[in-house]
Amino acid sequence: AAAAPAPGSVEPSARPEAAAAPAPVAGPLEADFEARSTACASELKSFCSTVEPGRNRLLGCLMSHGPDALHKPVTADASSSMLGDECRRSVLAYRQELAAHPLTMNIAMRLSCAADVPKLCAGVGAGNGTLGEGEDELRVKQCLIAHKSALSTGCRQAILAVQIAGASSIELEPLTMRACASDLNRTCSNVRHGDGRVRGCLFRHRAQLSAPCFERLLASEAARATDIRLQPRLMQACLADSATFCPGLPLSDGRLTACLALHKHEQGMSHECTREVEQFQEIHVTSIKLDPRIAKLCRRDVARLCDPPDVHFEFGFLENVFDAEGRVLQCLKLKTQQLHSGCAREVHRLIRTTVESFKLSAPLRAACDSDADRLCSADAYDDIAYEDDIDERDDDDDDDDDDDDDDDDDDEVKDARTVEDDDGSMLSGSTRTDTLLCLHHARANVSAGCKAELFKRDVIRSQDVDFNPQLKSRCSSELASLCAHAPHGGGVLACLERLVAADEQKVGADCRSAVVQFAAMASQDYRLVPAMRVDCVGDVSRLCGEITAFGPAQSHVTFSGRVIHCLRSKRSEVRASRCGEAVDLLAKLAAFDIRTDRRAVLMCRQDMRQHCSRVRPGRGAMFECLERHRPVLTRVCTALLREHDSLASRNVEYDGALRAACSAEQAAFCARVQPGDAAVLACLQAHLPQPAFGPSCRAAVTERISRGLTHTRLDVRLRQAGAADP
């Protein structure tokens, strides 16, 4: 039986007389492997005796009987290796000649692209659409690849066959072999050829490659990036999964690989496919050139936001976005709110599929690799000294501050430790051996460069709930029922925060805990609050410039909540309405749960450990505990408590304990009263005699009023009257 055509072979029906345009080069159309077939005499007799020689049909026949056997050792199993060792070497040598002379020896390409060469590649090579041999042919082949979408159907298929051959074996890519010959001998000499293994080896050693080899490898990979057929290992591993998770998607435009990446961790995805998808991503996150969809759709955004190369003083340090792998992609990831829709959609997809993996962020990996090796081995991980958090227990602590018992406290302790580490960052990861989780735990001990990259990862994750899989999972029902209509991106996160700040009872305990963790992370720096980062730029510069002018304090990458506190203390001077709304929301969250106020935690950490270790955070309970111990608090915590009291005296929304105790009374008696200037407190005070007034609310209102009598600065109306009285 006649074998299927191989790259470079032509079936008898495709005779030259049928071609509409002359071949771009002269040469024998009846060329075939037969001329050098002595090495394969027995194989030709056994497998190809009925095949008509010419147009590389014999080559196609031999290849059909040893498709991946060209690089396999000879075995006794004839079914897995039908070609002898000498024949395989001869076939490979002939295919290398075809690859080096694609338009003289590759007859299929020569015939199919006869009209395309002068039309699309005039001026390439000899300059007139005709070709000399060797270099000119390779340049024309590259030209045709660059214009693949404009090629005739036959030429496109011939080019694809050539690319598939080169994707499987780097030996069939003459330009890459020539540029990387010495690099191959130095770094990958022991790697078996075939299935893209050598190319993968070169990429893994890319830091050691010569410049010509690296540039050629990058160009070759970029040309293959969107078509899954040019990724042989990925194609083979994900064939069944593609039909299950991504049915009907084309193979050639990058959508299939993007779809597989989105589903790579879903139940039912094969382990082999997941592994190959991540290996594919690991290479392609190193350069925007290797993600052609982003390169095309984000060209204007890159020029606008990431060029000139110096990124302005936005993240506390200057950097050149082109001085390391993946910097341009990272620049786009950090600025998703400023991207136009097409670019934003593709960058959103990229972040979703890479943000939870250490190895899929090239800048993070480059900065933190040595820290991970030093700190995150199994032995080193156990030796990391963690800083205790506000819920750390001490058996000798007095427990008269809490009337909560219990087993539930263990969950709160676990949440508090997850909320905050030495640098206040939200932790993520499911196991102790997860590299990202380890680096977050050990943040105080990592290098400055690694610390900066971890912060930038937090900035990226803060932009959208989709970039926080744990938060999204833990709040799935709340997102569907309570935040379904919130604006995409930061608006969804703000919706969840508003619900928690308002003590919305429809928010489940697990979701509430996850939101508190997220808000605790964001409270360390205004750049981690999407609305502030975009809408507070002018107000931050005008009101808090003395803090931001020189970046964070030495050895820190965040402002430790100081800019947020600055905006809160100067709230009346904030001009941008959306900035003011963001400041108010964070203040309400902080009143509800002190863990969402990084500055408060830093100022009162010692006091909370000493006096309130058994208090369950939330609903203003920690502030109430600190108030009961005011006489013995440290000076800095006392100052923080004064600030909190001042805010709470003006607006009940900043008094978590009062709000929690009086939610029913406020709804019943003061629903139409606008918060501010102590109006709600005055309303509640006026209704104290009402029989429907609950004892908890009565006690909370009485306590707040008594503070105003004791400290006149907390009596807003008295202060206002004094200011008006000359």
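Given the structure is predicted, the values throughout are model-derived calculations rather than measurements.

Trainee: Is there a simple way to explain the overall build of the protein in this structure?
Mentor: Looking only at helices and strands, the protein has 39 helices and two strands in total. When burial is assessed residue by residue, the protein has 53% of its 726 residues classed as buried. Taking all contacts inside the protein whose residues are at least 6 apart in sequence as the whole, residues at least 24 apart take part in 64%. Surface exposure of the protein reaches about 32,500 Å², of which carbon and sulfur atoms provide 52%.

Trainee: It is not clear to me how the packing of aromatic side chains should be interpreted in this structure. Could you clarify?
Mentor: Each pair of aromatic rings is reported with the distance of its centres and the angle of its planes. The tally for this structure, following the rule as stated, stands at two aromatic pairs. Here the aromatic rings of Phe669 and Phe693 are separated by 5.9 Å at their centres, their planes lie at 20°, and the arrangement is stacked. Here Phe669, found in helix 36 (residues 656-669), pairs with Phe693, found in the loop between helix 37 (679-686) and helix 38 (695-710); they are 24 residues apart in sequence, far enough to count as distant. Under the relative-accessibility criterion, Phe669 is labelled partly exposed at 23%.

Trainee: Which parts of the structure should I look at to understand the nonpolar core?
Mentor: One finds Ile294, Leu332, Val347, Leu471, Cys475, Met532 and Leu567 to be the most contacted residues of the largest nonpolar core, which totals 69 residues. Setting aside its immediate chain neighbours within four residues, Leu332 contacts Ile288, Ile294, Cys298, Asp301, Val302, Cys306, Leu339, Cys343 and Val347.

Trainee: Looking at this structure, how should I read the state of the cysteines?
Mentor: What we call a disulfide is simply a covalent bond connecting the sulfur atoms of a pair of cysteines. By the definition in use, this model includes 20 disulfides. Here Cys238 pairs with Cys273 through a disulfide, and the sulfurs are 2.0 Å apart. Handedness here is read from the sign of the S-S torsion; for Cys238 and Cys273, about 105°, the answer is right-handed. Linking Cys238 in the loop between helix 11 (232-237) and helix 12 (239-245) with Cys273 in helix 14 (residues 271-284), this pair joins segments that are 35 residues apart in sequence. Side by side, Cys238 and Cys273 carry an identical accessibility label, which is buried.

Trainee: Mind showing me how you'd approach helix 13 (residues 255-262) here?
Mentor: Think of an α-helix as turning once every 3.6 residues; residues three or four places apart then point the same way. Taking burial as the measure, the eight residues of helix 13 include six buried ones, the bulk of the element. Taken residue by residue, helix 13 has Leu256, Thr257, Ala258, Cys259, Leu260 and Ala261 as its buried positions. Close packing links the buried residues of helix 13 with helix 11, helix 12, helix 14 and helix 18 (341-354).

Trainee: What should I look at first to understand the environment of Leu493 in this one?
Mentor: Summarising the element assignment, Leu493 is placed in helix 26 (residues 490-501). A residue is classified by how much of its surface remains accessible, and Leu493, at 3% relative accessible area, is buried. Residues Leu493 and Val515, spaced 22 residues apart in sequence, show a C-alpha to C-alpha distance of 8.3 Å.

Trainee: Looking at this structure, I do not really get the packing of helix 26 against helix 32 (residues 577-592). What am I missing?
Mentor: Helix-helix packing is characterised by the crossing angle of the two axes and by the distance between the axes. Packing of helix 26 against helix 32 brings their axes to within 9 Å, and their N-to-C directions diverge by 45°. The angle between helix 26 and helix 32 places the two elements in the oblique class. Relative to helix 32, the crossing made by helix 26 is left-handed. Of the residues in helix 32, those in contact with Ala494, Glu497, Arg498, Val500 and Ala501 of helix 26 are Leu585, Lys588, Leu589 and Phe592.

Trainee: Is there a simple way to think about the environment of Thr435 in this case?
Mentor: The residue Thr435 is located in helix 22 (residues 435-441) in this model. Sequence-wise, Thr435 and Phe358 are 77 residues apart; in three dimensions their C-alpha atoms are separated by 6.6 Å. Among all residues touching Thr435, those that are not within four sequence positions of it are Phe358, Ala372 and Cys376.

Trainee: Help me out: how do you make sense of helix 2 (residues 57-64) in this one?
Mentor: Along helix 2, seven of the eight residues are buried, which leaves the element largely enclosed by surrounding structure. Burial in helix 2 covers these residues: Arg57, Leu58, Leu59, Gly60, Cys61, Leu62 and Met63. The inward-facing, buried residues of helix 2 contact helix 1 (41-47) and helix 3 (85-100).

Trainee: Before we go on, may I ask you to explain the environment of Cys566 in this structure?
Mentor: By secondary structure assignment, the location of Cys566 is in helix 31 (residues 562-569). Among the residues examined, Cys566 registers a relative accessible area of 5% and is labelled buried. Beyond its immediate stretch of four places on either side in the chain, Cys566 contacts Leu543, Cys544 and Ile547.

Trainee: Help me out: how do you make sense of the side chain of Thr257 in this one?
Mentor: In this fold, Thr257 is placed in helix 13. Since its relative accessible area comes to 10%, Thr257 is described here as buried. At a separation of 3.0 Å, a polar atom in the side chain of Thr257 contacts the main-chain carbonyl oxygen of Gly254. With near-sequence residues (within four places) excluded, Thr257 lies in contact with Ile228, Leu234 and Phe280.

Thresholds, definitions, all that
- Residues numbered from 1 in each chain as written.
- Predicted model: local features only at pLDDT ≥ 70, side-chain atom pairs only at ≥ 80, totals over all residues.
- Heavy atoms only, no water.
- Helix = DSSP H or I, 4+ residues; strand = E, 2+ residues; numbered from the N terminus.
- Buried < 20%, exposed > 50% of the residue type's maximum accessible area, 1.4 Å probe, protein only.
- Contact = heavy atoms within 4.5 Å.
- Areas by Shrake-Rupley, 256 points an atom, 1.4 Å probe, with all protein chains shown as cover.
- Phe/Tyr/Trp six-rings, centres within 6.5 Å; stacked < 30°, edge-to-face > 60°.
- Core = buried A, V, L, I, M, F, W, Y, C linked by side-chain atoms within 4.5 Å.
- Disulfide = S-S within 2.5 Å.
- Axes fitted to C-alpha atoms, helices over the stretch in contact; angles between N-to-C directions.
- Parallel < 35°, antiparallel > 145°, perpendicular 65-115°, else oblique.
- Left-handed = near helix turned anticlockwise from the far one by under 90°.
- Polar contact = N/O pair within 3.5 Å; in protein donor to acceptor, adjacent residues only side chain to side chain.

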